[in-house]
Amino acid sequence: MRCLVTGATGYVGGRLVPRLLRAGHDVRCLTRDARRLRDVPWAGQVEVVIGDVSDPATLAPAFAGVDVAYYLVHSLGRGDFEEIDRANATNVAKEAVAAGVQRIVYLGGPAPTGHGDGSAHLRSRAEVAGVLLASGVPTVVLRAGVIIGSGSASFEMLRYLTERLPVMVAPRWVRSHIQPIAIRDVLRYLVSAADAFPPGTNRAFDIGGPDVLTYADLIQGYAAVAGLPRRRILPVRPLTPKLSALWVGLVTPVPGAIARPLVASLVHEAVCGEHDIETYIPDPPEGLTGFDDAVRLALRRVRDADVETRWSTAMWSDAPSEPLPTDPTWSGGTVYTDERERQVRAPTGDLWRVIEAIGGENGWYSFPLAWSVRGWLDRLVGGVGLRRGRRDPRRLQVGEALDFWRVEEIEPGALLRLRAEMRLPGRAWLEMRVCDGGGGDKHSRYRQRAVFLPKGLAGHAYWACVWPFHAVIFGGMARNIARAAERQPPSSAAASGRTVASISSATRPK
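What you see is a predicted model; the values in this text were computed from it and never measured. (Residues numbered from 1 in each chain as written. Predicted model: local features only at pLDDT ≥ 70, side-chain atom pairs only at ≥ 80, totals over all residues. Heavy atoms only, no water.)

Draft legend 1. Structural view of the pairing of strand E5 (residues 103-108). With six of its six residues buried, E5 lies for the most part within the structure. Side chains Arg 103, Val 105 and Leu 107 of E5 all project onto a buried face; the interleaved residues Ile 104, Tyr 106 and Gly 108 project onto the opposite face, where all are buried too. In terms of strand pairing, strand E4 (residues 68-71) meets E5 through four bridges, oriented parallel. Among the inter-strand pairings, Ala 69 is bridged to a residue of E5, identified as Ile 104. (Buried < 20%, exposed > 50% of the residue type's maximum accessible area, 1.4 Å probe, protein only. Helix = DSSP H or I, 4+ residues; strand = E, 2+ residues; numbered from the N terminus. Pairing = 2+ DSSP bridges.)

Okay, here's the thing in C-alpha cells:
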C-alpha cells in the first residue's frame, strides 16, 4: 500500500518508516524541511514531500494517491498546543477526504479515568482523535499511555529521576495506575494497522502492555532492572503537577515546556478499558513485552549507543527555523562573528572524528563549568539546556538535537554547522570546518566560526556581555579540538576499535 507518514522526523515516525518499508509498503514522508531526512538510513527508499500540516495549501501533493495516512504530529511544548493540534487535525482530515484516502491511523493518548475531564495533553489527544473519527475517512485511533523505549521522553524522565534521586519527595500521582507499553509493540500495532482492519473500521482501540503499575512501581522496577538500590519515595500531598513539572525539568533532559503537560497527565489513571485490538492484530506468540523486559531492551540500546530515534529529534517548538543566512543577506544589518583557525598535526580524518564526536558525554572541549552554567541558565528560563545530549556518541546527522544545538548541516569530513536552540535575544550558529593543512596527508587545518544575529537592543547587549569570555571558551575550544585530533590513535586503529573514552580524555581543557 502507499502510506503517508506525517511526523517522520519524530521519535515514533522515524522508527515507523523503516518498518513499513520492510513490510513491503511504499512510503511517502511529509516534512517541512527535506534536509532533516537526508541522512537517515532509509532516505533513498522513500518519497519526500515538503509541506506543513498547519498550511492546507501545501498538503495536496502529499496526500495524492495515498491509501493510508499516519498522523503522528503534535505540538507539545507550545503554550497553545491545543488550538494548534485541533487546527492541524482539521487540515489533515479535509485533505484526506479530498484525496480519497482509505484510512487514517492516529497514535493518541489514553482515555483518562477519574479527576475530571483529563489534563490538557490528554484532552487535546482525545479532541484530535474526535476530529479524525468524524472526518468521513475510516480512522483507526491507537490510544497508548506511557511508551517505554530508548530515547522516548517518558523513558528519559523515568531513567533520570530514578538514577539521580535515591530518595525523592513525590506528589500523589506516583500512586496513579498506568499501563505502559514497549515501543516495539506500539510499532507492531502501527505497521499492522495499514491493512489489518476491515474496510470502514472507524474507532479507537486501547493499547498497552501486560503490566498495570503505579508510577512508583515504574521507578522501583527501573531501579531493579538497572541494578540500583531500591528507591525511597515519600508522597507529599501539596506537591502540585506544576511544581512537579518544574522539578522534572531541572532533573531530567526533558524541558519544562514538555514536562508540564506530561506530568499533568500522570495525575489520571491511564489503564486500558478493553483489548479489542487483539481481534484484528493478535498478540505475538511470546506475548506483549512486559515492563521489565522493555526497560532491559531500552537500557541495552543506550549502552550500545544504538538508539534509533530520540524524543529530542522532533523540532523544539520555539526553536528558530531559518538556516544560516548567506553573507550577502547580512548587508545593511548587524552580524557578530568570532573566527578561529589552527594548524593541526593530524590527518583530516582524525580531526573530523573529533569534531563529529563533540557534545554529549564528550563535552565541548573548553571550560566545562562555563558550558554547564550556560546550560543551567537556559533551563531556568524555559530552554532545553545541555542535557539533551546526543543520540549516537560518534555519528551525527542533519536535524538531530545536540545538547542545546541542532545539527543544521553536515558534510562528512568537511563541515559541521550547528544552530543554537538555547534561549537567546537573536539567532546563533557554530561552524566547524576541516581543511587541507598544506603539509601533506599528516596535516590539516581547523576553522571555527561563531555567528550571532542580534534581535533588538537586548541582542547587542547580550553579545557585549559574552564577548569577553569568547577568548576562553571559543579559543580554548579550537585549541583543544586540535590537541584531541593530534592525540588520536592511527586512523586504521580508530576505524576498527576506537572508544569514546579516548576522545573524552583528550578533550580536557589545558
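Draft legend 2. The arrangement of a nonpolar patch on the surface in detail. Nonpolar side chains collect at one region of the surface, where Phe 367, Leu 369, Val 373, Leu 377, Leu 380, Val 381 and Val 472 lie side by side and expose about 660 Å² of accessible area between them. Per element, the largest residue contribution to the nonpolar patch is four residues, and it comes from helix H12 (residues 368-380). Here Val 472 shows up in helix H14 (residues 470-486). Judged by relative accessible area, which is 45%, Val 472 ranks as partly exposed. (Patch = residues over 30% accessible without salt bridge, like charges linked within 9 Å, V, L, I, M, F, W, Y side chains within 5 Å. Areas by Shrake-Rupley, 256 points an atom, 1.4 Å probe, with all protein chains shown as cover. Salt bridge = Lys/Arg side-chain N within 4 Å of Asp/Glu carboxyl O.)

Draft legend 3. The arrangement of the pattern of salt bridges in detail. Inspection of every chain in the model, using the stated rule, returns 29 salt bridges. We note a salt bridge from Asp 293 to Arg 296, for which the minimum N-O separation is 2.7 Å. Of this pair, Asp 293 and Arg 296 both sit in helix H10 (residues 291-303), three residues apart, roughly one helical turn. A residue is classified by how much of its surface remains accessible, and Asp 293, at 42% relative accessible area, is partly exposed. By relative accessible area, which is 37% here, Arg 296 ends up partly exposed. The network of salt bridges with common partners includes Arg 388, Arg 406, Glu 408, Arg 417, Arg 419, Glu 421, Glu 431, Arg 433 and Arg 449.

Draft legend 4. Spatial organisation of the sheet that holds strand E17 (residues 415-420). Reading across the sheet, the six strands line up as E14-E19-E18-E17-E16-E15 and stay open at both edges, with antiparallel pairing between neighbours. A strand with exactly one partner marks an edge of an open sheet, and here the two such strands are strand E14 (336-344) and strand E15 (401-402). Pairing of E17 with strand E18 (residues 426-436), which is carried by five bridges, proceeds in the antiparallel orientation. For Leu 418, the partnering residue across the bridge sits in E18 and is Leu 430.

Draft legend 5. Representation of the packing of aromatic side chains. Tallying each qualifying case throughout the model produces twelve aromatic pairs. Here Phe 205 and Tyr 280 contribute two aromatic rings whose centre-to-centre distance is 5.9 Å and whose plane-to-plane angle is 80 degrees, an arrangement assigned as edge-to-face. Of this pair, Phe 205 sits in strand E11 (residues 203-207) while Tyr 280 sits in the loop between helix H9 (256-266) and H10, placing them 75 residues apart in sequence. Phe 205 gets classed as buried once you look at its relative accessible area, which sits at 0%. Judged by centre distance (5.2 Å) and plane angle (10 degrees), the rings of Tyr 336 and Trp 463 are stacked. With Tyr 336 in strand E14 and Trp 463 in helix H13 (residues 456-466), the pair connects residues that are 127 residues apart, well separated along the chain. Assessed through its relative accessible area of 22%, Tyr 336 is described here as partly exposed. (Phe/Tyr/Trp six-rings, centres within 6.5 Å; stacked < 30°, edge-to-face > 60°.)

Draft legend 6. Fine view of helix H5 (residues 153-164). Taking 1.5 Å per residue, twelve residues should reach 16 Å; H5 reaches 16 Å between its end C-alpha atoms and fits that length. Burial of H5 is extensive: nine of the twelve residues sit out of reach of the surface. Burial in H5 covers these residues: Ala 153, Phe 155, Glu 156, Met 157, Leu 158, Arg 159, Tyr 160, Leu 161 and Thr 162. (Expected span 1.5 Å × (residues − 1).)

Draft legend 7. The arrangement of the sheet that holds E4 in detail. Strand order in the open sheet formed by seven strands is E3-E2-E1-E4-E5-E6-E11, with parallel pairing between adjacent strands. Each edge of the sheet is formed by a strand with only one pairing partner; in this case those strands are strand E3 (47-50) and E11. Adjacent strand axes in the sheet meet at a mean angle of 20 degrees when their direction is disregarded. Sheet strands in contact with helix H4 (residues 120-133) are E4, E5, strand E6 (139-144) and E11, and its direction is about 170 degrees off that of E5. Its contacts with the sheet place helix H6 (residues 183-192) against E4, E5, E6 and E11, and it is angled at close to 165 degrees to E5. (Axes fitted to C-alpha atoms, helices over the stretch in contact; angles between N-to-C directions. Contact = heavy atoms within 4.5 Å.)

Draft legend 8. Highlighting the confidence of the model for the protein. Per-residue confidence for the protein averages 85 on the pLDDT scale, and 87% of its residues sit at or above 70. Segment residues 316-321 is flagged for pLDDT under 50; beyond a separation of four residues in sequence, or across chains, it makes 16 contacts in the model. Predicted confidence for residues 327-332 stays below pLDDT 50, and this span has seven contacts to residues more than four positions away or in other chains. (pLDDT = per-residue confidence, 0-100.)

Draft legend 9. Up close: the environment of Asn 202. Mapped onto the elements of the fold, Asn 202 is located in the loop between H6 and E11. Taking the relative accessible area as the measure of exposure, Asn 202 reaches 35% and is therefore partly exposed. In sequence terms Asn 202 and Val 137 are 65 residues apart; their C-alpha atoms lie 8.0 Å from each other. When residues no more than four places from it in sequence are discounted, the contact partners of Asn 202 are Leu 133, Val 137, Pro 138 and Thr 139. From its side chain, Asn 202 meets the backbone oxygen of Leu 133 in a polar contact 3.0 Å long. (Polar contact = N/O pair within 3.5 Å; in protein donor to acceptor, adjacent residues only side chain to side chain.)

Draft legend 10. Quick peek at unusual backbone geometry. In this model, Tyr 365 sits at a positive phi of 65 degrees, which is unusual for a non-glycine residue. Considering the arrangement of structural elements, one finds Tyr 365 in the loop between helix H11 (348-356) and H12. You will see that Phe 367, though not glycine, has its phi angle at about 40 degrees, which is positive. Summarising the element assignment, Phe 367 is placed in the loop between H11 and H12. Take Phe 367: its relative accessible area is 35%, and that puts it in the partly exposed class.

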